[in-house]
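Descriptive analysis of the structure
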Amino acid sequence: MNTTSRPRPRAILRLHFHPAERSEELYGQLLAVVDGISSRVEPQPADWSAYADLASALAYWGRDVEGLVAVLRLRLLALHGVQCSAGAGRTRSIAAIAADTTPPGAATVVGDTPYEIAAYLRTKPTSALPGIGPQTARTLARYGITTIGDITDTPPATLQRILGTTAARQAHDRAHGIDERPVTPGAAPRSMSASHRFDRDELDPDLHHAILLGLVQELGARLRTGGEIAQALTLTLTYADRTQTTRTRALTEPTAHTPALAATARQPLTGLGLQRARVRTIALRAERLRPAEDTVHQLTLDGRDDKLHLEIALDKATARYGPGVTGAAATFPWAG
């Protein structure tokens, strides 16, 4: 009698959450719902998404992938009123592509046979493949490679000459549906947010920048008081029609230093070019927080250390006398 157990099929789910308003508490609640279906959940807080490994959950719940995803989507909607875009497949890459190309309130499940995987991937643009950004996609397009199917049809040696060995191997494998990266369970990294709601829809770009500076100063002070540093910032703008724009920027190095936070926060706001946009709310979130003592402090000769000590002193003055007693508009690189 052969007692060798058959390997459990891979089934990975990617979810993008689409709430009306975002908060750290809500994100944690949504993750708890997913965790109620599968114990292997990997948070992706920067873009309000998550991965889940459904392999064990399928046997436990006695459902197929489509049925289990439907149950999960229904729970998210019933418990929290949140729609999601769901994508599922045998690898992280396939699940990510499926979720990215699925509208809110819907799900795309890609079959796990080689034919089904190839049929789904071939017509997608190269930019849909995880790991291929806009610049790489433009480079490939110069050689007539515009779809994932084109990548699969290109000899590996040719891809290596275009992209380099490592990037070419990764693109080749993922284009063929090969991606062994597992779902790594873990708690969502802590974040900290601040927001400002205008009394009326605000058109003035200068006021948008001024409010953002105030949010940066608030977050910087809270980070320093709590002994934490941020690794990224997420800016969310809510407009008069309640639509939102969200942009995330990684910091050059983890920090709680206001000028560094300000320089990074300014990038997405400036890049959006909001000349006549009617902005209702500006929210800024410090992402992936970690204890300040965990960072490697590099000595500098440009006075940054002295400025950080000054900021800490100003934080103490603000805590004692209240906000507004210390001005720091000059901490924004464009202020002057």
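The notes below deal with the structure included here. (Residues numbered from 1 in each chain as written. Predicted model: local features only at pLDDT ≥ 70, side-chain atom pairs only at ≥ 80, totals over all residues. Heavy atoms only, no water.)

1. As for the overall build of the protein chain
Our working definition: Numbered from the N terminus, helices here are DSSP runs of H or I no shorter than four residues, and strands are runs of E no shorter than two. The buried label goes to any residue with under 20% of its type's maximum accessible area, the exposed label to any with over 50%, and the partly exposed label to all in between, with areas taken from a 1.4 Å probe on protein chains only. The criterion used for residue contact is that any of the two residues' heavy atoms lie within 4.5 Å. Reported accessibility uses the Shrake-Rupley method at a 1.4 Å probe radius. Residues are deemed covered only where the shown protein chains occlude them.
Assigned secondary structure in the protein chain consists of twelve helices and ten strands. For the protein chain, the proportion of its 336 residues judged to be buried stands at 40%. Within the protein chain, contacts between residues separated by at least 24 positions form 67% of all contacts whose residues are at least 6 apart in sequence. A total of about 18,100 Å² of accessible surface is found on the protein chain, and carbon and sulfur atoms cover 52% of it.

2. With respect to the packing of aromatic side chains
Convention followed: Think of it this way: a Phe, Tyr or Trp ring, Trp meaning its six-membered ring, pairs with another when their centres are within 6.5 Å, and the plane angle makes it stacked under 30 degrees, edge-to-face over 60, tilted otherwise. Counted as over-ring charges are cases with an Arg CZ or a Lys NZ within 6 Å of the ring centre that also lie within 35 degrees of the ring normal.
Across all of its chains, the model carries three aromatic pairs by this definition. Measuring from ring centre to ring centre gives 6.2 Å for F17 and Y27, while their planes differ by 75 degrees; the resulting arrangement is edge-to-face. Note that F17 is positioned in strand β1 (residues 12-18) and Y27 in helix α1 (residues 24-35), a separation of ten residues in sequence. Taking the relative accessible area as the measure of exposure, Y27 reaches 4% and is therefore buried. Among the aromatic residues, those joined into a cluster by ring pairs are F17, Y27 and W48. Lying over the aromatic face of Y51, R92 brings its terminal NZ or CZ to 4.0 Å of the ring centre. Positioned over the ring face of Y120 is K124, at 3.9 Å from the centre of the ring.

3. Focus on the pairing of strand β8 (residues 244-255)
What counts is decided by this rule: DSSP bridges decide pairing: two strands pair if at least two such bridges lie between them.
Alignment of strand β7 (residues 228-239) against β8, held across eight bridges, turns out to be antiparallel. Its bridge partner being in β8, L237 is matched across the sheet by T245. Following β7, the chain reverses through four residues before pairing antiparallel with β8; R242 in that reversal takes a positive phi of roughly 75 degrees.

4. Description of the packing of helix α6 (residues 134-141) against helix α8 (residues 156-163)
Rules: As a rule, the C-alpha atoms of each element are fitted with a line to give its axis, helices using only the stretch in contact, and angles between N-to-C directions run from 0 to 180 degrees. These descriptions rest on fixed angle ranges, namely under 35 degrees for roughly parallel, over 145 for roughly antiparallel, 65 to 115 for roughly perpendicular, and the rest for oblique. Crossing handedness is defined as follows: a turn of the near helix away from the far one that is anticlockwise and smaller than a right angle gives a left-handed crossing, while the clockwise case is right-handed. Classification convention: Asp, Glu, Lys, Arg as charged; Ala, Val, Leu, Ile, Met, Phe, Trp, Tyr, Cys, Pro as nonpolar; all other residues, Gly among them, as polar.
At a minimum axis separation of 10 Å, α6 and α8 run at an interaxial angle of 125 degrees. As far as their axial angle goes, α8 and α6 are oblique. Like other packed secondary-structure pairs, α6 and α8 cross with a definite hand, here right-handed. Along its contact with α6, which presents T136, T139 and L140, the element α8 presents L159, I162 and L163. Within the contact of α6 with α8, the residues separate by chemical class into four nonpolar, two polar and no charged.

5. Considering unusual backbone geometry
Among all residues except glycine, the phi angle is most often negative; among peptide bonds, the trans geometry is most common. Non-glycine residue W48 carries a positive phi angle of around 50 degrees. By the secondary structure assignment, W48 is in the loop between β2 (41-44) and β3 (49-53). With a relative accessible area of 2%, W48 lands in the buried category. For R288, which is not glycine, the phi dihedral falls at a positive 50 degrees. Assignment of secondary structure puts R288 in the loop between β9 (279-287) and β10 (290-291).

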